[in-house]
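One-letter residues, chain by chain:
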Amino acid sequence: MITAILGLTLLAQGQKIQDSGQKSEGTAPVRQVAVLPWALKDGTDSAVKTAKEAVQTIFEKANFEVIPLVRTKTIWEEELHLPAVKEVIEDRDTLPTMPEAKDLLKLGKRMNVPYVCAGRAKWHTKSVWVGLGPKTKAECTVDVMIIDVAKEEIILDNKNVTADSTRKEAGLETAGALLLSMGITTLSGGPKTPHQQRSAILAIGDAMAPFVRTIAPATKKIGGGG
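Conventions we followed
Every residue gets a number counted from 1 within its own chain, in the order that chain's sequence is written. Only residues with pLDDT of at least 70 get local features here, since the model is predicted, and only at 80 or more are side-chain atom pairs given and counted; chain-wide, interface and lining totals rely on the full set of residues. The side-chain numbers reported here are obtained from all heavy atoms of the structure, hydrogens and water having been left aside. Only DSSP runs of H or I with at least four residues qualify as helices, and only runs of E with at least two residues qualify as strands; both kinds are numbered from the N terminus onward. Per-residue accessibility, obtained with a 1.4 Å probe over protein chains only, is compared with the maximum for each type, and a residue is labelled buried under 20%, exposed over 50%, and partly exposed between these values. A contact between two residues is defined here by any heavy atoms of the two lying within 4.5 Å. Put simply, a patch holds well-exposed residues, over 30% relative accessible area, that have no salt bridge, with like charges counted together within 9 Å and Val, Leu, Ile, Met, Phe, Trp or Tyr side chains within 5 Å. Using a 1.4 Å probe, accessible areas were evaluated by the Shrake-Rupley method; residue-level cover was limited to the displayed protein chains. Any Lys or Arg side-chain nitrogen located within 4 Å of an Asp or Glu carboxyl oxygen qualifies as a salt bridge. For the charge count, each Lys or Arg is scored as positive and each Asp or Glu as negative, with His and the chain ends excluded. Every charge is mapped onto a representative atom, which is NZ of Lys, CZ of Arg, CG of Asp or CD of Glu. Within 6.5 Å between ring centres, the rings of Phe, Tyr and Trp (the latter by its six-membered ring) count as paired, and their orientation is classed by plane angle as stacked under 30 degrees, edge-to-face over 60, tilted in between. Only Lys NZ and Arg CZ are tested; either one counts as a charge over a ring when it is within 6 Å of the ring centre and within 35 degrees of the ring normal. Expected span of a helix: the number of residues minus one, times 1.5 Å. Axes, fitted as lines to C-alpha atoms, cover a helix only where it is in contact. Angles between the N-to-C directions of the axes lie from 0 to 180 degrees. Throughout this description, any angle smaller than 35 degrees is read as roughly parallel, any larger than 145 degrees as roughly antiparallel, any in the 65 to 115 degree range as roughly perpendicular, and the remainder as oblique. Crossings are assigned a handedness: left-handed for a near helix turned anticlockwise from the far helix by less than a right angle, right-handed for a clockwise turn. In this count, Pro and Cys sit with the nonpolar residues alongside Ala, Val, Leu, Ile, Met, Phe, Trp and Tyr, while Asp, Glu, Lys and Arg are called charged and the others, Gly among them, polar.

1. Regarding the overall build of the protein chain
Within the protein chain one finds six helices and eight strands. In the protein chain, the succession of helices and strands from N to C terminus is α-β-β-α-β-α-β-α-β-β-β-α-α-β. Buried positions account for 47% of the 226 residues belonging to the protein chain. Long-range contacts, defined as pairs at least 24 residues apart, comprise 73% of the intrachain contacts of the protein chain with a sequence gap of at least 6.

Laid out in structure tokens, this is it:
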């Protein structure tokens, strides 16, 4: 499902995000990232699957190896004894708070990986009857955090990044490239799943774009002096 359009865009950007001080004349080095499974609320099964694929794809096309999620989840819960990860949040339940940066740092050190990512997303979908048929619109709101383990810094902390399914994409930025590569370009008026898929890809792409462009954005120290 992931095709060359996304690859061309993100691999070109990936040349800019090599580790500081490391030069490569060929392919950028593959680095590892541990992704704590995201909490996802109010999406259809297909939309949830698409959101997970979008996160994985962004990292892979930026030349990262994503540690298997089951290993990351196991270490988080069973070795670090941190709150159980719940990936799909039922309608009646509240979306969990984002993990603490200090706990993500512990995870990265325990797994000996340079980067750790955590995130969450929720959808709001509505349909109204217009003329002879329904008109559907979905919004997806994303929070994402990425930790540089060696530097003990937060290098991405985006909150409340929202995109709706009716937004037009003119270029091949991260979100637009993801849409094209995953085959989600046009929408019908009714079914909510494609709208949720499209809004998720746009929101996740927007939220992670600063990291894709460079892995050295403005940073914040974790935990202060203690």
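2. Focus on a positive patch on the surface
On the surface, Lys 126, Lys 135, Lys 137 and Lys 168 cluster together to form a positively charged patch. Relative to the elements of secondary structure, Lys 126 occurs in strand β5 (residues 115-130).

3. Some remarks on the packing of aromatic side chains
Evaluated as defined, the whole model comprises five aromatic pairs. Measuring from centroid to centroid gives 5.5 Å for Phe 64 and Tyr 115, while their planes differ by 75 degrees, and the two rings are edge-to-face. Here the residue Phe 64 occupies a position in strand β3 (residues 64-66), and Tyr 115 occupies one in strand β5, the gap between them amounting to 51 residues. Residue classification places Tyr 115 among the buried residues on the basis of a relative accessible area of 4%. Between Phe 64 and Phe 211 the ring centres are 5.6 Å apart and the planes differ by 45 degrees, which places this aromatic pair in the tilted class. With a gap of 147 residues between them, Phe 64 in strand β3 and Phe 211 in helix α6 (residues 192-213) connect regions that are remote in the sequence. One exposure class covers both Phe 64 and Phe 211, and it is buried. Among the aromatic side chains, those forming a connected cluster through ring pairs are Phe 59, Phe 64, Tyr 115 and Phe 211. The cationic tip of Arg 31 hangs over the ring face of Phe 64; the distance from NZ or CZ to the ring centre is 4.4 Å.

4. Focus on helix α2 (residues 45-61)
Its 17 residues give α2 an end-to-end C-alpha distance of 24 Å, which sits within 8% of 24 Å, the value for a rise of 1.5 Å per residue. Those residues of α2 not exposed but buried are Ala 47, Val 48, Thr 50, Ala 51, Glu 53, Ala 54, Val 55, Thr 57, Ile 58 and Phe 59. Looking one or two places after α2, you find Asn 63, whose phi comes out positive at around 70 degrees.

5. Things to note about the environment of Met 111
Considering the arrangement of structural elements, one finds Met 111 in helix α4 (residues 101-111). Residue Met 111 is classed as buried on the basis of its relative accessible area, which comes to 8%. In sequence terms Met 111 and Arg 71 are 40 residues apart; their C-alpha atoms lie 9.3 Å from each other. Apart from the residues within four sequence positions on either side, Met 111 is in contact with Ala 34, Ile 67, Arg 71, Thr 72 and Ile 75.

6. Regarding the side chain of Gln 196
Within the secondary structure, Gln 196 is located in helix α6. Look at Gln 196 and you get buried, because its relative accessible area is 1%. Sequence-distant contacts of Gln 196, that is, excluding residues within four places in its chain, are made with Asp 42, Gly 43, Thr 44, Ala 47, Trp 123, Thr 125 and Ala 138.

7. Observations concerning the packing of helix α3 (residues 69-79) against α4
Two elements in contact, α3 and α4, have axes separated by 11 Å at closest approach and are oriented at 110 degrees. Here α3 lies roughly perpendicular to α4, going by the angle between them. Judged by the twist between their axes, the crossing of α3 over α4 is right-handed. Of the residues in α4, those in contact with Arg 71, Thr 72, Ile 75, Trp 76 and Glu 79 of α3 are Asp 103, Leu 104, Leu 107, Arg 110 and Met 111. Taken together, the residues of the contact of α3 with α4 sort by class into five nonpolar, one polar and four charged.

8. What to know about the pattern of salt bridges
Per the stated rule, a full pass over the model turns up 12 salt bridges. A salt bridge links Lys 73 to Glu 77, with the nearest nitrogen and oxygen atoms 3.2 Å apart. Of this pair, Lys 73 and Glu 77 are both found in helix α3, four residues apart, which corresponds to roughly one turn of the helix. We note a salt bridge from Lys 106 to Asp 103, for which the minimum N-O separation is 3.7 Å. Of this pair, Lys 106 and Asp 103 are both found in helix α4, three residues apart, which corresponds to roughly one turn of the helix. Each member of the salt-bridge network shares a partner with another, and the members are Lys 102, Asp 103 and Lys 106.

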